[in-house]
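# Structural description and commentary
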Amino acid sequence: MSDISALAAKFGAPASPLVPMESLRLAPVVVAPEKIICVGLNYRRHAVEANMPIPTTPVIFGKFANSLSASGDRIALPTVDFKYDYEAELGVIIGREARDVSVDQALDSVAGYCCANDLSARSAQLATSQWMIGKMLDGFLPLGPILVTTDEIPDPQALRIQCRVNGEVRQLSSTSDMIFSVAEIIAFLSRYATLKAGDVIITGTPEGVLMGHRTPIWLKPGDEVAIGIAGLGVLTNTLTTEESRS
């Protein structure tokens, strides 16, 4: 009984002051996923701007854990390329194991959602038919700033998504433009591999990427890229040279 009384006293103590989020150094919303799965060409208007046919099957590629970074991190642009591009994306974090699930049941396996930026080195990406070499650079998948649980996001297909570079809007769309919904992506992937808690799925980017411009001005050191999705906060990163990264 004395232990119960001591525990009750702890719950009755005044709450400690809230810590301002701006004073914290954040981590990626997950730090050790078994899988990072990416979906390409999953917005109708993005496929049109890329002059590519609308996919009839999800286009899948991967990243690795070395690509993870957090909101507020400085991300180095290495000298292997100069055609650096942003991609605002909805990130999906798996919360429980999913194997061969139906579309109707797929969202039951989701822990929550976050903003993601699928940073890309376009020369490397497009040098061959395999995209991964231009996607797997260190820090090239910031996730954050927070993980928002599914009870707060009842419909992942009704979210405003945007990208700003140095305060200028570059992408502005809605997840309603996705070709394959979050549920359809999860059901599709779970037929091929068991999805585990902590796995990351990034679901494609809308129109407005630099690759779709006639005369793109590629990302450079000093640029600030901010990805915002309704209800999920704003993921912000500053780009830097390899020498000045800290």
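Coordinates for the structure precede this section.
Predicted model only: the values in this text are computed from it and were never measured. (Residues numbered from 1 in each chain as written. Predicted model: local features only at pLDDT ≥ 70, side-chain atom pairs only at ≥ 80, totals over all residues. Heavy atoms only, no water.)

### Notes on the environment of Leu-239
In this fold, Leu-239 is placed in strand 14 (residues 233-241). For Leu-239, a relative accessible area of 2% puts it in the buried group. Each C-alpha atom, one on Leu-239 and one on Ala-106, is 36 Å from the other, the two residues being 133 residues apart in sequence. Excluding anything up to four places from it in sequence, Leu-239 contacts Ile-75, Leu-77, Leu-219, Lys-220, Pro-221, Gly-222, Asp-223 and Val-225. (Helix = DSSP H or I, 4+ residues; strand = E, 2+ residues; numbered from the N terminus. Buried < 20%, exposed > 50% of the residue type's maximum accessible area, 1.4 Å probe, protein only. Contact = heavy atoms within 4.5 Å.)

### Digging into the nonpolar core
Ranked by size, the top nonpolar core spans 47 residues in total, and within it Ile-186, Ile-201 and Leu-219 carry the most contacts. Only strand 1 (36-40), strand 4 (74-77), strand 6 (88-94), strand 7 (110-117), strand 10 (160-165), helix 5 (182-190), strand 13 (224-229) and strand 14 provide two or more residues apiece to this core. Per-element accounting of this core gives the leading share, six residues, to helix 5. (Core = buried A, V, L, I, M, F, W, Y, C linked by side-chain atoms within 4.5 Å.)

### Section: the pattern of salt bridges
The full count for this structure, using the stated rule, is twelve salt bridges. Among the ionic pairs, Glu-34 bridges to Lys-35, the shortest N-O distance being 2.5 Å. Overall, the relative accessible area of 53% leaves Glu-34 in the exposed class. Residue Lys-35 is classed as buried on the basis of its relative accessible area of 17%. (Salt bridge = Lys/Arg side-chain N within 4 Å of Asp/Glu carboxyl O.)

### Here we look at the sheet that holds strand 7
Pairing within the open sheet is mixed, and its seven strands lie in the order 2-1-12-6-7-9-3. Edge positions in the open sheet fall to strand 2 (59-63) and strand 3 (68-70), since each of these has one partner strand only. Sheet twist, expressed as the mean angle between neighbouring strand axes with direction ignored, is 35 degrees. Across five bridges, the pairing between strand 1 and strand 2 is antiparallel. Pairing of Gly-40 across the sheet is with Val-59, part of strand 2. Here helix 5 sits on the sheet and contacts strand 1, strand 2, strand 6, strand 7 and strand 12 (200-202); the angle it forms with strand 6, its principal contact strand, is near 55 degrees. (Pairing = 2+ DSSP bridges. Axes fitted to C-alpha atoms, helices over the stretch in contact; angles between N-to-C directions.)

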